[in-house]
Amino acid sequence: DSIAVDSAEDVFFSELGACSGTTCIGGRVSQTSGGVGATVIAMGLAADTSGIPVVTDSTNVYWATSQSPGVVSSAPVAGGTAQVLTPVSLGGPITASWVALAVDDTYLYAAASGATIYLTPTASLGSPSWHPIADSSQMLAATGAVNAGMVHYVFWANASDSAGSP
């Protein structure tokens, strides 16, 4: 469903599980290093057919359930032998579905199906403080972020056009 790669070439991916109509159960997030086996990070996830977005900043892996209300979660990037890690629920500021995630070296960004993009500092994930930064007024489909010096750029795409915001 979704894939993310970190600088150590660890690959993180999500799978929806079994779907009936627009509801999926039994989804999971996994990691593979060097193409050898897969470590399950989280399992038993419920989502809708919009998927389970996954991103990583090489320290943590983040994912969101795309079912209302959506939940953003994280787990440390562990690697090594197969083990199930206990994810930390980051909650969320709204009841809309999460449809896209992005991360840079300072912030985790969550784009909600209600057309708003939120950020929270990755340094304070124990008690996240989600702040709205953009409202595209349209249904969001994807987002990306990059830190260019001291400026953080967030890009998003929706059904009809795309835009960016520093």
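1. Focus on the overall build of the protein
When you go through the protein residue by residue, the secondary structure sums to zero helices and 16 strands. Counting only residues that meet the buried cut, the protein has 43% of its 166 residues in that class. When contacts within the protein are restricted to residue pairs at least 6 apart in sequence, long-range pairs at least 24 apart make up 36% of them. Summed over all atoms, the accessible surface of the protein reaches about 7800 Å², with 56% contributed by carbon and sulfur.

2. Some thoughts on the confidence of the model for the protein
Here the protein averages 75 in pLDDT, while 70% of its residues score no lower than 70. Below pLDDT 50 for its whole length, residues 79-86 participates in 14 contacts with residues either more than four positions away or in separate chains.

3. Let's talk about the side chain of Asp 6
Its location among the elements puts Asp 6 in the loop between β1 (2-5) and β2 (10-15). Buried charge without a salt bridge: Asp 6, with Arg 28 as the nearest opposite-charge side chain at an N-O distance of 18 Å. Polar side-chain contacts of Asp 6 include one of 3.0 Å to the backbone nitrogen of Ala 8.

4. What about the state of the cysteines?
Applying the stated criterion across every chain yields a total of one disulfide. Two residues, Cys 19 and Cys 24, share a disulfide whose sulfurs are 2.0 Å apart. On the sign convention where negative is left-handed, the bridge of Cys 19 and Cys 24, at about 100° about the S-S bond, is right-handed. With relative accessibility at 41%, the residue Cys 19 sits in the partly exposed group.

What counts, and where the lines are drawn
Residues numbered from 1 in each chain as written. Predicted model: local features only at pLDDT ≥ 70, side-chain atom pairs only at ≥ 80, totals over all residues. Heavy atoms only, no water. Helix = DSSP H or I, 4+ residues; strand = E, 2+ residues; numbered from the N terminus. Buried < 20%, exposed > 50% of the residue type's maximum accessible area, 1.4 Å probe, protein only. Contact = heavy atoms within 4.5 Å. Areas by Shrake-Rupley, 256 points an atom, 1.4 Å probe, with all protein chains shown as cover. pLDDT = per-residue confidence, 0-100. Lys, Arg positive; Asp, Glu negative; His and termini not counted. Salt bridge = Lys/Arg side-chain N within 4 Å of Asp/Glu carboxyl O. Polar contact = N/O pair within 3.5 Å; in protein donor to acceptor, adjacent residues only side chain to side chain. Disulfide = S-S within 2.5 Å.

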